[in-house]
Amino acid sequence: MSALRIGVAGAGAIGCFCGGRLAAIGADVKLVGRERIRNELAEHDLTLTDFDHAPVIVPKANVQIADELQFLADCDVVLVAVKSSQTAEVGKDLARVLGKRNTVVISFQNGVRNADVLREHLPNAIVLGAIVSFNVVGAGDGVFKRTTTGPLIIEANEDARVRDLESSLKKAGFEVELTDDIRAHQWTKLVSNVNNAVGALTDMPTQQLLFDARYRKILRALIAETIGVMDLAKISPAKAGPIPVRYFPMLLALPTPILRVAMRAQLKVDPEARSSMWQDLSLGRMTEVDELNGEIVKLAEAHGGDAPMNRRIVKLVHEVEQRRNGSPKMSAESLWIAIHS
């Protein structure tokens, strides 16, 4: 096992799953997370489940977790998994903690700008972008479940620690890709993530959104609008699996039985899969809607266009955030009307 010291800034669902799988193979992993997560892991073992492996259990006595980023001062690699709205603050705090060390800092976050924000605050670090293609749901009592398949895609770099991390992640059971064009992959992930709000607003799991034609019509419309805006901006997303992003609207237009067959080649989806935005609303937290659907709205405006459905989604989510009482459980019909009004 590599002597690489790995830190996780933002040990929520993704941070605990990735960090926990690394700790389970003997990697030196330190987590920094919210009080809720720290309390869970003080009382329960860290239990990680997914499609392809038996449950992985890290005894609570072996979990290194704290509440201050200072805990990560001696790490060789820091994985940043905080919400996008916290990126600038975490970047400033890490700058104080890491000082002039050339630590490798990797953004394991949604959106397309977080690595850029971190670079502004961490001029001495090697800051890289990454894509977490899969979804993780926190089930409570220290249990984190991966509910969709997909690789970890990390921006390539010649630093040996990046290769060491890649090796450790593969040993921990992850599919890992290094890429010279992380931006194209970030835009691809954003195409998928504009649908997070649909699950959050309707309280529907991902499988229901995909295989119920009423919800799928909404997904298709949002994705088609998003791809149209990216075409306007001359942005070419990377390929995601065997089906290019451009064909996602056509895929979602298929009859449900045919779609089920086609989706098997693209990804697996657990019945419990939920969007991270749904989890945020359920916990009364602010979401990343501005960095997801809002990013498409800004991109359209910057190129003289418009993204009316994405704009209305942003407005709806912000209204729900203010109430802090979870998903409004909108029906497919009411959400369709709301994004077209």
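A word on the sheet that holds strand β11 (residues 152-155)
Strand order in the open sheet made by the 8 strands is β5-β2-β1-β6-β7-β8-β11-β12, with mixed pairing throughout. The open sheet has two edge strands with one neighbour each: β5 (64-66) and β12 (176-179). The mean angle between the axes of side-by-side strands here comes to 25 degrees, regardless of whether they run parallel or antiparallel. Bridge count between strand β6 (residues 77-80) and strand β7 (residues 104-107): 4 bridges; the pairing is parallel. Note that in β7 the partner of Val 80 across the bridge is Ser 107.

Here's the deal with the packing of aromatic side chains
Within the structure shown, the criterion is met by 3 aromatic pairs. Measuring from centroid to centroid gives 5.9 Å for Phe 134 and Phe 174, while their planes differ by 15 degrees, and the two rings are stacked. Here Phe 134, found in the loop between β8 (126-132) and β9 (136-140), pairs with Phe 174, found in the loop between α5 (160-171) and β12; they are 40 residues apart in sequence, far enough to count as distant. For Phe 134, a relative accessible area of 5% gives the class buried. For Phe 174, a relative accessible area of 5% corresponds to the buried category. Following the ring pairs from residue to residue traces out a cluster consisting of Phe 17, Phe 134 and Phe 174. Positioned over the ring face of Trp 336 is Lys 217, at 4.3 Å from the centre of the ring. Taking the ring centre of Phe 211 as reference, the NZ or CZ of Arg 260 above it sits at 4.3 Å.

Some words on the side chain of Asp 50
Along the polypeptide, Asp 50 turns up in the loop between β3 (46-49) and β4 (56-58). Under the relative-accessibility criterion, Asp 50 is labelled buried at 13%. Within polar-contact distance, the side chain of Asp 50 engages the side chain of Arg 21 at 3.0 Å. Within the structure, Asp 50 has its side chain in polar contact with the side chain of Arg 146 (distance 3.3 Å). When sequence neighbours within four positions are dropped, the list of residues in contact with Asp 50 reads Phe 17, Arg 21 and Arg 146.

Remarks on the pairing of strand β10 (residues 143-146)
Note that β3 and β10 share 3 bridges and pair parallel. Along β10, the bridge assignment pairs Thr 47 with Val 143. For β9 and β10, the ladder comprises 4 bridges, and the chain directions are antiparallel. Residue pairing for β10: Val 137 is matched across the bridge by Lys 145. Turn length for the β9-β10 hairpin, with the two strands adjacent in sequence and antiparallel, is 2 residues, and the turn residue Asp 141 shows positive phi of about 55 degrees.

Considering the sheet that holds β3
Hydrogen bonding along the main chain pairs the strands of a sheet, whether they run parallel or antiparallel. If you walk across this open sheet you meet the 4 strands as β4-β3-β10-β9, and the pairing is mixed. This sheet does not close on itself; its edge strands, each paired only once, are β4 and β9. Averaged over neighbouring strand pairs, the angle between their axes works out to 20 degrees when direction is ignored. Running over the sheet, helix α1 (residues 13-24) touches β3, β4, β9 and β10 and is turned about 95 degrees from β3.

A look at the pattern of salt bridges
Pairing between side chains becomes possible if they bear opposite charge and their charged atoms approach one another. In total, this model carries 23 salt bridges according to the counting rule given. A salt bridge links Arg 5 to Asp 76; its shortest N-O distance comes to 3.0 Å. Placement of the pair is Arg 5 in strand β1 (residues 5-9) and Asp 76 in the loop between β5 and β6, with a sequence separation of 71 residues. Judged by relative accessible area, Asp 76 falls into the buried class, the value being 13%. Measuring nitrogen to oxygen at the nearest pair gives 3.1 Å for the salt bridge that ties Asp 74 to Lys 30.

Side note on unusual backbone geometry
In this structure, Asp 203 is a non-glycine residue whose phi angle is positive, near 65 degrees. Mapped onto the elements of the fold, Asp 203 is located in the loop between α7 (196-202) and α8 (206-211).

Thoughts on the nonpolar core
Formed by 55 residues in total, the largest nonpolar core has its most connected members in Trp 187, Leu 201, Ile 313 and Leu 335. Among the elements that line this core, the one with the most residues is helix α9 (residues 213-232), at 9 residues. The next biggest cluster of nonpolar side chains, apart from the first, holds 38 residues, and it includes Val 104, Phe 144, Ile 154 and Phe 174.

About the criteria used
Throughout, residues of each chain are indexed from 1 in the direction in which the sequence is written. The predicted origin of the model limits local features to residues at a pLDDT of at least 70 and limits the giving and counting of side-chain atom pairs to 80 or more, whereas totals for whole chains, interfaces and linings rest on all residues. Computation of side-chain values: all heavy atoms of the structure, hydrogens and water removed. When DSSP locates at least two bridges between a pair of strands, those strands are taken to pair. Helical segments are the DSSP runs of H or I of at least four residues, strand segments are the runs of E of at least two, and each set is numbered from the N terminus. Lines fitted to the C-alpha atoms define the axes, with helices restricted to the stretch that makes contact. Angles between their N-to-C directions range from 0 to 180 degrees. The pairing test for Phe, Tyr and Trp rings, Trp by its six-membered ring, is centres within 6.5 Å, and the orientation test on the planes gives stacked under 30 degrees, edge-to-face over 60, and tilted for anything in between. Relative accessibility decides the category of a residue: with a 1.4 Å probe and only protein chains considered, values under 20% of the type maximum give buried, values over 50% give exposed, and everything between is partly exposed. By the criterion adopted, a ring carries a charge over it if an Arg CZ or a Lys NZ lies within 6 Å of its centre and within 35 degrees of its normal. Each polar contact in these results corresponds to two N or O atoms within 3.5 Å; when the atoms are within protein, one needs to be able to donate a hydrogen and the other to accept it, and residues that are neighboring in sequence are counted only if both atoms are side-chain atoms. In this analysis, two residues are considered to be in contact whenever any of their non-hydrogen atoms come within 4.5 Å of each other. The salt bridge definition used is simple: a Lys or Arg side-chain nitrogen within 4 Å of an Asp or Glu carboxyl oxygen. Put simply, a nonpolar core is a bunch of buried Ala, Val, Leu, Ile, Met, Phe, Trp, Tyr and Cys residues held in one set by side-chain atoms that sit within 4.5 Å of each other.

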